[in-house]
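Coordinate analysis (summary)
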Amino acid sequence: TVCRLEPGTDVLVTEMGMRGLGQISALCDVARPSVALVTSIGPEHLELFGTVERVAEANGEAIAALPPGGVAVVPVDAPGLDRHLRRSDIEIRRFDPHAVEGRGHQWRFPLGESVLALTLPFSARHMAENTLAALVAYDSLGLPLDRAQTGADTIVLSRWRGEELRLPGGGLVVNDAYNANPSSMRAALLDLGERAG
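Definitions and cut-offs
Residues numbered from 1 in each chain as written. Predicted model: local features only at pLDDT ≥ 70, side-chain atom pairs only at ≥ 80, totals over all residues. Heavy atoms only, no water. Axes fitted to C-alpha atoms, helices over the stretch in contact; angles between N-to-C directions. Helix = DSSP H or I, 4+ residues; strand = E, 2+ residues; numbered from the N terminus. Parallel < 35°, antiparallel > 145°, perpendicular 65-115°, else oblique. Left-handed = near helix turned anticlockwise from the far one by under 90°. Contact = heavy atoms within 4.5 Å. Nonpolar A, V, L, I, M, F, W, Y, C, P; charged D, E, K, R; others polar. Buried < 20%, exposed > 50% of the residue type's maximum accessible area, 1.4 Å probe, protein only. Pairing = 2+ DSSP bridges. Patch = residues over 30% accessible without salt bridge, like charges linked within 9 Å, V, L, I, M, F, W, Y side chains within 5 Å. Areas by Shrake-Rupley, 256 points an atom, 1.4 Å probe, with all protein chains shown as cover. Salt bridge = Lys/Arg side-chain N within 4 Å of Asp/Glu carboxyl O.

**Section: the packing of helix 1 (residues 23–31) against helix 3 (residues 52–64)**
Each pair of packed helices can be summarised by the angle the axes make with each other and by the distance between the axes. Contact pair helix 1 / helix 3: the axes reach a minimum separation of 8 Å and the direction vectors enclose 20°. The angle between the axes of helix 1 and helix 3 places the two elements in the roughly parallel class. You can see that helix 1 and helix 3 cross each other, and the crossing is right-handed. Across from Gln23, Ile24, Ser25 and Cys28 in helix 1, the residues of helix 3 making contact are Ala58, Asn59, Glu61 and Ala62. Partitioning the contact of helix 1 with helix 3 into residue classes produces four nonpolar, three polar and one charged.

**Some remarks on the environment of Ala31**
Inspection of the secondary structure puts Ala31 in helix 1. Among the residues examined, Ala31 registers a relative accessible area of 29% and is labelled partly exposed. Separated by 34 residues in the primary sequence, Ala31 and Ala65 have C-alpha atoms spaced 9.8 Å apart. Leave out the neighbours within four places in its chain, and Ala31 touches Thr14 and Met16.

**So, the sheet that holds strand 3 (residues 35–37)**
An order of 3-4-5 is seen for the three strands of this open sheet, with the pairing classed as parallel. The open sheet has two edge strands, strand 3 and strand 5 (91–95), and neither has a second partner. With strand direction ignored, the average angle separating the axes of adjacent strands in the sheet is 20°. Sheet topology places strand 4 (residues 71–75) next to strand 5; five bridges connect them, and they run parallel. Note that in strand 5 the partner of Pro75 across the bridge is Phe95. Strands strand 3, strand 4 and strand 5 of the sheet are contacted by helix 4 (residues 125–140), whose axis makes an angle of about 150° with strand 5.

**Some points on unusual backbone geometry**
Excluding glycine, residues mostly carry a negative phi; peptide bonds, for their part, are mostly trans. Of note, the phi angle at Arg32 is positive, near 50°, even though the residue is not glycine. Here Arg32 is to be found in the loop between helix 1 and strand 3.

**Notes on a nonpolar patch on the surface**
Taken together, the side chains of Leu165, Leu167 and Val173 define a hydrophobic patch exposed on the protein surface, amounting to about 220 Å² of accessible area. Within the fold, Leu167 resides in the loop between strand 9 (163–166) and strand 10 (172–175). By relative accessible area, which is 42% here, Leu167 ends up partly exposed.

Structural data, given as structure tokens:
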């Protein structure tokens, strides 16, 4: 996705998925990132990786691909990722997903010494936590945080990612079936519990 923020200010954003070691490295050879964002490390694709440590190793490939002066944006609680963060020629920016505050569509994000309040087009906490990660990456690029609401207003989630379907009798189906692992299932169930009160 190419994001045009202002005339002459284009940012290419790519999502890199993997289902095996070496795949993120190969994608980085093409994309050549200057900022690498790892949203979390958890039990994903364990049928292929076997352990969470190997998931961290695969995500570490994005950090290894950064050029000198690049920025790695990583969560404070990323098991197994620390050994990939020992480079002294890149900046490491950590975010704490648990520090996000809010409910419904109103959220507050800690960013350094300040807090940014945004209205988001979704209400799930885990999506707000991912928004914090994106905001730290956005700030790492030197982009103006005072314009973040403009971007938040244009967020459209892909099908099956928290997709809300209203039923004729007043019910609601939250279709979060795009992909699943134990962490994402836990997040979806916690969201359902918060909605139900």
